[in-house]
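# Structure at a glance
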Amino acid sequence: MTDIGWLVVLTTVAAVFGIALGVMLPALAMGRAISQALDAIARQPEAEQAISRLLFIGLAMIESLAIYCLVVILIVLFRNPLLAYLPH
């Protein structure tokens, strides 16, 4: 296999691992945030509005982290800057 072939295979494998981590870790964080919010609402039902508002802001920030990870991985997959330095 040529150098460019190996580079494409390795970047694809790295992208797969990156997508896996970029989805799993924010999903775990979202699950923990929801669990803690439900626990807080169960303890103080009168603070439900404030807790829900903060929960949705936190979930949006966690989700944006997953989206940024996806964007960077797609850039690496489809516009790999390392491919420009290989000899043709």
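Residues numbered from 1 in each chain as written. Predicted model: local features only at pLDDT ≥ 70, side-chain atom pairs only at ≥ 80, totals over all residues. Heavy atoms only, no water.

### Some words on the side chain of T11
Threshold: Every helix listed is a DSSP run of H or I at least four residues long, and every strand listed is a run of E at least two residues long, numbered separately from the N terminus. Whether a residue is buried, partly exposed or exposed follows from its accessible area with a 1.4 Å probe, protein chains only, as a fraction of its type maximum: under 20%, in between, or over 50%, in that order. Definition of a polar contact: a pair of N or O atoms within 3.5 Å, with one able to donate and the other able to accept a hydrogen when the atoms are protein atoms, and with sequence-neighbouring residues admitted only if both atoms are side-chain atoms. Pairs of residues are marked as contacts when any of their non-hydrogen atoms sit within 4.5 Å.
Following the sequence through the fold, T11 ends up in helix α1 (residues 3-43). The class for T11 is buried, based on a relative accessible area of 14%. A polar side-chain atom of T11 sits 2.9 Å from the main-chain carbonyl oxygen of L7. Not counting chain neighbours up to four residues away, the residues in contact with T11 comprise L77 and N80.

### Notes on α1
Our working rule: Helices are assigned an expected span. That span is 1.5 Å times one less than the residue count.
Compared with the 60 Å implied by 1.5 Å per residue over 41 residues, the 60 Å span of α1 between its first and last C-alpha is a close match. Residues G5, L7, T11, A15, G18, G22, P26 and A37 constitute the buried set of α1. Next to the buried residues of α1 lie α2 (48-78).

### Considering the pattern of salt bridges
Put simply, the test is: Salt-bridge detection follows one rule: a side-chain nitrogen of Lys or Arg within 4 Å of a carboxyl oxygen of Asp or Glu.
Applying the stated criterion across every chain yields a total of 1 salt bridge. Of the charged contacts in the structure, one is a salt bridge between R43 and D39, with a shortest N-O distance of 3.3 Å. A residue pair is termed a helical-turn pair when its members lie 3 or 4 positions apart in one helix, as R43 and D39 do in helix α1 at 4 residues. For R43, a relative accessible area of 65% gives the class exposed. Of the residues examined, D39 reaches a relative accessible area of 34% and is grouped as partly exposed.

In short, the description is geometric, and any link to function would need to be established separately.
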